[in-house]
Amino acid sequence: MAFDIRKTQVAVEETWHERGPRLNAPLRVGMACAVIRNPFAGRYEKDLLPFMAELRELGTLLSKAIIERLGVAKVEAYGKGAIVGEDGELEHGALWHEAGGWAMRAELGQPKAIVPAAKTVGTLGTRLMIPLGHIQAAYVRSHFGVAEMTVWDAPRRDEIVYGLAMATGGRVHERSGGLKASEIKVGDGQR
């Protein structure tokens, strides 16, 4: 690998109800992240694209870790996030847009909707809420949610935490209206 992984973390959260009726099967939200050394920490690098291409391998690794736990056929929502340590810059987190999104799409059969994202510069234990959206249509309100990404001892000043999240459905007891997943008709990811 072209990147130095210090640690990885994989978690699955199961929600059975939110004060309403108990579901027959829980909503499952999976998150996987890797803490890597930032090769650009403390300096400016003009050309970041070669590193972004190398990060596709990391995206594939994390995507497979979540899908192994959720099942590819069950994934209905996804998102990505990055936390850059203090000696890096926000642009180092932006490299994950293409690398992480590409990897998830490849593993999930090329869904059409944009992969929601969040990124920040932070320190040890920074908490990032990764936004989630439906994998086939951006305007399915029921699938707007979040997955928490936090690693108690990361990122150190010279590290980056890159993470991916997937969910098996929309919010528990959603009732905010709008386009339903069952009504998706257009294959361009927008409707």
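Relevant structure appears above.
Basis of the calculations
In this convention, every chain numbers its residues from 1, walking through the sequence in written order. Where totals are concerned, whole chains, interfaces and linings use all residues; where local detail is concerned, this predicted model gives features only for residues with pLDDT of at least 70, and gives and counts side-chain atom pairs only at 80 or more. Remark: hydrogens and water are excluded; side-chain values derive from all non-hydrogen atoms of the structure. Numbering goes from the N terminus for both helices and strands, where a helix is a DSSP run of H or I of at least four residues and a strand is a run of E of at least two. When a residue's accessible area, from a 1.4 Å probe over protein chains only, is under 20% of the maximum for its type it is buried; when over 50% it is exposed; and in between it is partly exposed. Multiplying 1.5 Å by the helix residue count minus one yields the expected span of that helix. Bend angle per residue: angle between axes fitted to the 7 residues ending at that residue and the 7 residues starting there. Residues are treated as being in contact if the distance between any of their heavy atoms lies within 4.5 Å. The salt bridge criterion pairs a side-chain nitrogen of Lys or Arg with a carboxyl oxygen of Asp or Glu, the two atoms within 4 Å. In this description, a nonpolar core means a group of buried Ala, Val, Leu, Ile, Met, Phe, Trp, Tyr and Cys residues linked to one another through side-chain atoms lying within 4.5 Å. In this scheme Phe, Tyr and Trp rings, the latter by its six-membered ring, pair at centre separations within 6.5 Å, and the angle between planes marks the pair as stacked below 30 degrees, edge-to-face above 60, and tilted otherwise.

## Considerations on the overall build of the protein chain
- Helix and strand counts for the protein chain come out as 2 helices and 7 strands.
- Order of helices (α) and strands (β) in the protein chain, N terminus to C terminus: β-β-α-β-α-β-β-β-β.
- When its C-alpha atoms are laid out on the principal axes, the protein chain stretches across 50 × 35 × 25 Å.
- Put simply, the protein chain has 191 residues, and 46% of those count as buried.

## Description of helix H2 (residues 90-107)
- Across its 18 residues, H2 extends 27 Å between first and last C-alpha, which sits within 8% of the 26 Å expected from 1.5 Å per residue.
- By the largest-angle criterion, His 97 marks the main kink of H2, which is about 25°.
- Those residues of H2 that fall on the buried side of the exposure criterion are His 92, Gly 93, Ala 94, Leu 95, Trp 96, Ala 99, Gly 100, Gly 101, Ala 103 and Met 104.
- In this structure, the buried residues of H2 make contact with helix H1 (49-70), strand E3 (77-84), strand E4 (117-121) and strand E7 (159-167).
- Among the residues trailing H2, Gly 109 stands out with phi positive, at a value near 85°.

## Describing the pattern of salt bridges
- Tallied over the full model, the rule gives 11 salt bridges.
- Arg 157 is paired through a salt bridge with Glu 86; the nearest N and O atoms lie 3.0 Å apart. Of this pair, Arg 157 sits in the loop between strand E6 (145-149) and E7 while Glu 86 sits in the loop between E3 and H2, placing them 71 residues apart in sequence.
- Using a relative accessible area of 45% as the deciding quantity, one classes Arg 157 as partly exposed.
- Measuring nitrogen to oxygen at the nearest pair gives 3.0 Å for the salt bridge that ties Arg 157 to Asp 87. Pair noted here: Arg 157 is in the loop between E6 and E7 and Asp 87 is in the loop between E3 and H2, with a separation of 70 residues, a long-range link.
- It is possible to trace a salt-bridge network through shared partners that takes in Arg 6, Lys 7, Asp 153, Arg 156 and Glu 159.

## With respect to the nonpolar core
- Core analysis: the largest hydrophobic core is formed by 31 residues, its most contacted members being Ile 36, Leu 55, Leu 58, Tyr 162 and Met 166.
- Contributions of two or more residues to this core are made by strand E2 (27-37), H1, E3, H2 and E7.
- Sort the elements by how many residues they give to this core and H1 lands first, with 9 residues.

## What about H1?
- Compared with an ideal rise of 1.5 Å per residue, which puts 22 residues at 32 Å, H1 spans 31 Å between its outermost C-alpha atoms and is within 8% of the ideal.
- Taken as a whole, H1 has its buried residues at Phe 51, Met 52, Leu 55, Leu 58, Gly 59, Thr 60, Leu 62, Ser 63, Ala 65, Ile 66, Ile 67 and Leu 70.
- Residues of H1 that are buried in the fold lie against strand E1 (5-15), E2, H2 and E7.
- Looking at the residues trailing H1, positive phi occurs at Gly 71, about 90°.

## Description of the environment of Val 84
- On the secondary structure map, Val 84 appears in strand E3.
- Residues Val 84 and Thr 120, 36 residues apart in the sequence, show an inter-C-alpha distance of 6.3 Å.
- If we ignore the near neighbours within four places in the chain, the residues touching Val 84 are Asn 38, Glu 89, His 92, Gly 93, Thr 120, Val 121, Gly 122, Pro 155, Glu 159 and Ile 160.

## Re the side chain of Asn 38
- Mapped onto the secondary structure, Asn 38 falls in the loop between E2 and H1.
- When its relative accessible area of 2% is taken as the criterion, Asn 38 is described as buried.
- Residues in contact with Asn 38, not counting those within four places in the same chain, are Val 84, Gly 88, His 92, Asp 158, Glu 159 and Ile 160.

## Quick notes on the packing of aromatic side chains
- The final tally for this structure, using the stated rule, is 2 aromatic pairs.
- On the basis of an interplanar angle of 90° and a centroid distance of 5.4 Å, the ring pair of Phe 40 and Phe 51 is categorised as edge-to-face. In this pair, Phe 40 sits in the loop between E2 and H1 while Phe 51 sits in helix H1, placing the two residues 11 residues apart along the sequence. Residues Phe 40 and Phe 51 agree in their burial class; the two are buried.
- Between Trp 96 and Tyr 162, the ring centres sit 4.7 Å apart and the planes meet at 25°, which makes this aromatic pair stacked. Taken together, the residues Trp 96 in helix H2 and Tyr 162 in strand E7 connect sequence positions 66 residues apart.

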